[in-house]
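Per-entry structural report
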Amino acid sequence: MNHRHNRSGLTRRQLIKGIGAASLLPLMGSAPFAIGGQNAGRVLVVGGGFGGATAAKYLKRANPAIEVILIEPNETFYTCPFSNLHLGGLRQMDAIAHGYAELEDRYGVRVIHATAEDVDADAHQVTLSTGRKLDYDRLVLSPGIDMRWNALEGYDEEAAEKAPHAWKAGTQTELLRSQLEAMDDGGTFVMVAPANPFRCPPGPYERASLVANYLAQYKPKSKVLILDAKDNFSKQGLFTAGWERLYGDRIEWVGLSNDGRVTRVDADRLEVETEFGTVHRADVLNVIPPQKAGWIAERAGVTDDSGWVPVKAETFESRQVADIYVVGDATVAAPMPKSGFCANGQAKVVAAAIAASLESRPAPEAYWTNTCYSLVGPEYGISVAGVYRVQDGVIAEVEGAGGLSPADASDATRALEAEYAVGWYNAICQDTWGTPLGGRAT
Amino acid sequence: MRPARPTHHDAARRRLLRGMVAAIAAIGLATPALAEGPWQRLDAARSVLGDAEPNTQGLVLDLPHVSEDGASVALTVGFDGELADDDYISRIDLFATANPSPEIATFHLTPLSGKPEISTRVRLNETQQVIAIATSHQGERFATAREVRITVSGCLMRNGGDQPEPLSNPRVSVPSSFTAGQPEAVRTLINHPMETGLREGADGEVVPRHIIERFTVSLNGETAFEAELHQSISASPYLLFYLSPDESGEALFEWQDDTGNSATHEASIQAG
C-alpha cells in the first residue's frame, strides 16, 4: 500500500478516514498529490444532472490533470427538485434551469452536447449520437431514470403526451402545468403514484400539495385524488397532517389496501382502472409510472434483472462491469433514497474514488448525507434527513443521525423549513452547476 | 431518439459477459451450507419436509432483491416443474427465516385451483432468506429459497398511518368467464390490521395479536383453495391465485380471523 505522508506525518489514508471523503474534497485540488502532465487519465461522464455535473466538477477539483469530458444532450438542465413549484405556479421554468458554463470555463471540463448511444466496456469506448467514439480510462454514468413504458397497461410514450408523467423536468412539466391551467373549476386532478423504488419518494405528495395550493386559490371547487400502489409513503404523517391543516379534504389519498393500485390507463378518455375494477375519471391525469435505470446503463451492461444498477457500496463502481461507476437514481443504493442530494453526494465519492484509482491509491472511506425537503405549502416545509456509511459491505443508515421534522412543530418552524428548502435548492445547484444563488444569470 | 438495435455480435458478447458474471457469482455462493438448503436449518420447514430430500428444481420464488419497505414485500411463488400426469401440487408453505415466528402461510390447492401460483404481500423484519416448500398430492417435495435485503429508505421514514377496520371491504376480482381447462387468476383483498402481537401501541402496551387465520374459496360447496395465514402476512391480506372451475356456479370466499369473526363474498362463475 502506497501511503504518502504529508507534513503532519499522518498518512493520507488516516487523514481521509479522520475527516471523511466529502469534507476533504475541497483540499484536494490544491493538495500536493496531483499528478502533473498529460497522463493522469481520461474520464467520461454521461449525464449532466445532479450526479454527472457534480462528478465532472469534483474530478477536476481532485486532480485538474485528469481529462474530464461531460456528455449531455441538452444545453439547459431542468431540475426535478422544485419542478413541483412550477406546477403549482410558484416558480418559472427559468428558475429551475441550469447550464454548463462554469464546468467549462472555471473547471476545464469539456462538455459535448450529444447523446451517449453505446458503451463498449471491453474496448473502454463510448459511441455518441454524432457517430464519434471516445475512449475512456474510467466511465461515470449518471443516467437518471427511464419510464418502463407499458409496464402499466396503456401507458406508453404516446399516452404520456395526454397524461403526462412530468417525472423528468422540462417539456413534460410544462405540459402538465398547461393542462392544470386549462382545467375547469370543479375538475379533478388524478395522480397515479408508483410502487417502490422510484425517483424522489416524497415527490408525488409534494406535487399533490402544491397542486392543491394552486387549486385552492384559482379553482376552489376542484379536487386532487392520489391513487397509490403503496400503503406507506415518505413523510406520510407529516404530509397528511399538513393536508388537513392547509387543504381540508381537497386531497384524497387511496392506498394499496383500499384498491389504490392502478392497473390500466386510458389516456384518450383520461380514465384509469384499479386492480379491483374501479374506474376513476380525471380532468387532468398525471401518471407516474414504474421506472428503471436510464437506458444507457442497460447498454453498458451494468443493470440487473430489477432494471436498476447494483454498485459497490464503497466506491459506486458497477458490481458487473469494471471501470464503470454509476451514480444517482439509476443505482440500487437503498437505504439512500433516489434524490438529487444523494446523487450529488455519490458523485463526490465517485470522483474521489476515481482520482485515487487513477493513481493506484485505495479509495477514501465514504459516507453520505441526505436531506429531502418537501413543501406542503409555499410557507409550510417538512423534511427528512439521513446519514449513511458502509457497513459489512452495504450502505447503512447511521442510527440516531438525521430524522424527521417534528409532528407538532409550530407554524413558524414550518415556515422556516420552507425557507431552508429554498436555501438547500440554491446551495446544491450552486455546488452542482455553479448557478449563482437566487437563479441563473440570463 | 434511440439508436438502432445492437448487432448480434454485440448482444451475444454482452450475454456472454453477463453469463460469466452470473457464473462467477454462482461459484461464490455455492458453499456447502447453501447446497444443503436453508430449509434444513429451520425447524418449521423441516417439520413440513420430514425426512424427504426436496427437489430444488421446479419451484420458483419471486421477490425483490432489495425491498425498501419490509412491511409489505410483494411475493410470488409458482411451480413449473414436472410431476406425474395424475399428480398435482397440493400444498405450498412459505417461511421467513429471520422473522420472530417464521411461518408466513400455508396454501392448500386442489385440482380446481388449476395452476400452482400464488402472489401475496409479506412482512420481513430484516434481511433474510425466504423459503418455499411445495408438496405434491403423491408426496413429492420441492424447495427453494431467496435472499431479500430489507432496508427502509431514508425518505420512506414514516410516522402515523391509520389501522384498517378488521375484516372490512372484502374485494374479489374474478374473470367474467372461464374456459374449461384454462386456469384464470383471481385476486382478493380485505382490510385487516393483521396485528402481530409484537407491536407496542401509543400507550406503551403491547397490542394483542389479531390476524386473519384462514381464507377459503369454495366452488359450488367444494373447497377449491385454502390459505392458512400467519402474522408475517402484511396488513390487509392480498392473495392472487388461480381457479379452474369445471362448471358454472357460485364461488364463496371466506376470511376468518382469530376472534372467530369472518367476512364472506360471493361471486357467480361462468364456465364453458
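Residues numbered from 1 in each chain as written. Chains lettered and ligands numbered in written order. Predicted model: local features only at pLDDT ≥ 70, side-chain atom pairs only at ≥ 80, totals over all residues. Heavy atoms only, no water.

What about the overall build of chain A?
Broken down by element type, chain A carries 11 helices and 25 strands. Expected size for 442 residues packed as a compact globule is a radius of gyration near 22 Å; at 22 Å, chain A falls within 12% of this value. When the backbone C-alpha atoms are referred to their principal axes, chain A occupies close to 70 × 50 × 45 Å. By residue count, 59% of the 442 residues in chain A fall in the buried class. Long-range pairs, those at least 24 residues apart, make up 64% of the contacts in chain A with a sequence separation of at least 6. Of the accessible surface of chain A, which amounts to about 16900 Å², a share of 47% is contributed by carbon and sulfur atoms. When the 42 positive and 54 negative side-chain charges of chain A are each reduced to one mean point, those points stand 6 Å apart. (Helix = DSSP H or I, 4+ residues; strand = E, 2+ residues; numbered from the N terminus. Rg over C-alpha atoms; globule rule 2.2 N^0.38 Å. Buried < 20%, exposed > 50% of the residue type's maximum accessible area, 1.4 Å probe, protein only. Contact = heavy atoms within 4.5 Å. Areas by Shrake-Rupley, 256 points an atom, 1.4 Å probe, with all protein chains shown as cover. Lys, Arg positive; Asp, Glu negative; His and termini not counted. Charge placed at Lys NZ, Arg CZ, Asp CG, Glu CD.)

Section: the domain arrangement of chain A
Residue and element names in this part refer to chain A. What the domain assignment lists for chain A is domain 1 (42–147 + 291–363) and domain 2 (157–287). Its C-alpha centre places domain 1 at a distance of 30 Å from the equivalent point of domain 2. Contact with domain 1, which involves 21 residues of that partner, is made by 22 residues of domain 2. When domain 1 packs against domain 2, close to 1900 Å² is buried across both sides, 64% of that on carbon and sulfur atoms. Remark: the boundary between domain 1 and domain 2 carries two salt bridges. A salt bridge links Asp-329 to Arg-199; its shortest N-O distance comes to 2.5 Å. Taken together, domain 1 and domain 2 are joined by nine residue pairs in polar contact (both at pLDDT 80 or more). For the side of domain 1 that touches domain 2, the elements supplying multiple residues, two or more each, are helix H4 (83–87) and strand S10 (145–147). By residue number, the principal contributor to the side of domain 1 that touches domain 2 is H4, which donates five residues. Residues that form the side of domain 1 that touches domain 2 fall into these classes: 10 nonpolar, eight polar and three charged. (Domains from an automatic or database assignment. Buried area = accessible area lost by both parts, 1.4 Å probe. Salt bridge = Lys/Arg side-chain N within 4 Å of Asp/Glu carboxyl O. Polar contact = N/O pair within 3.5 Å; in protein donor to acceptor, adjacent residues only side chain to side chain. Nonpolar A, V, L, I, M, F, W, Y, C, P; charged D, E, K, R; others polar.)

Describing the UniProt feature "domain: FAD/NAD(P)-binding" (unreviewed entry) in chain A
Sequence positions flagged by UniProt for "domain: FAD/NAD(P)-binding" (unreviewed entry) are, in local numbering, residues 42–163 of chain A. Regarding residues 42–163 of chain A, the helix share stands at 19% and the strand share at 30%, and the terminal C-alpha atoms are separated by 42 Å. (UniProt positions renumbered as here; feature names shortened; annotations may be inferred.)

Some words on the sheet that holds strand S5 (residues 103–109) of chain B
Residues and elements named next belong to chain B. Taken in spatial order, the nine strands make up an open sheet running S2-S8-S7-S4-S5-S12-S11-S14-S15, and their pairing is mixed. The sheet is open, and its two edges are formed by strand S2 (66–67) and strand S15 (262–269), each paired on a single side. The pairing of S2 with strand S8 (residues 141–150) spans two bridges and is parallel. Paired with Val-66 across the strands is Arg-149, a residue of S8. (Pairing = 2+ DSSP bridges.)

Notes on the state of the cysteines
Residue and element names in this part refer to chain A. Applying the stated criterion to the full structure yields zero disulfides over all chains. The thiol of Cys-200 is unpaired, and the distance to the nearest cysteine sulfur, on Cys-372, comes to 6.1 Å. With relative accessibility at 30%, the residue Cys-200 sits in the partly exposed group. Unpaired in this structure, Cys-342 has its nearest cysteine sulfur neighbour in Cys-372, at a distance of 6.7 Å. By relative accessible area, Cys-342 is classed as buried at 1%. (Disulfide = S-S within 2.5 Å.)

So, the UniProt feature "domain: Flavocytochrome c sulphide dehydrogenase flavin-binding" (unreviewed entry) in chain A
Look at the UniProt record and you will see "domain: Flavocytochrome c sulphide dehydrogenase flavin-binding" (unreviewed entry) annotated at residues 364–433 of chain A. Secondary structure within residues 364–433 of chain A divides into 33% helix and 41% strand; the distance between the first and last C-alpha atoms comes to 24 Å.

Quick word on the UniProt feature "domain: Sulphur oxidation protein SoxZ" (unreviewed entry) in chain B
Residues annotated in UniProt with the feature "domain: Sulphur oxidation protein SoxZ" (unreviewed entry) correspond here to residues 179–267 of chain B. A helix fraction of 0% and a strand fraction of 51% characterise residues 179–267 of chain B, whose end C-alpha atoms lie 17 Å from each other.

Brief notes about the pattern of salt bridges
The full count for this structure, using the stated rule, is 31 salt bridges over all chains. Two residues, Arg-121 of chain B and Glu-275 of chain A, come together in a salt bridge whose shortest N-O distance is 3.9 Å. Pair noted here: Arg-121 of chain B is in strand S6 (residues 117–122) and Glu-275 of chain A is in the loop between strand S15 (271–274) and strand S16 (279–281), and the two residues belong to different chains. The pair formed by Arg-121 of chain B and Glu-275 of chain A is uniform in burial state, with each residue classed as buried. The salt bridge involving Asp-93 of chain B is made with Arg-91 of chain B; its shortest N-O contact spans 2.6 Å. Accessibility expressed as a relative area gives 2% for Asp-93 of chain B, which makes it buried. By relative accessible area, Arg-91 of chain B is classed as partly exposed at 28%. One connected set of salt bridges, linked through shared partners, spans Arg-261 and Glu-275 of chain A together with Arg-121 and Arg-187 of chain B.

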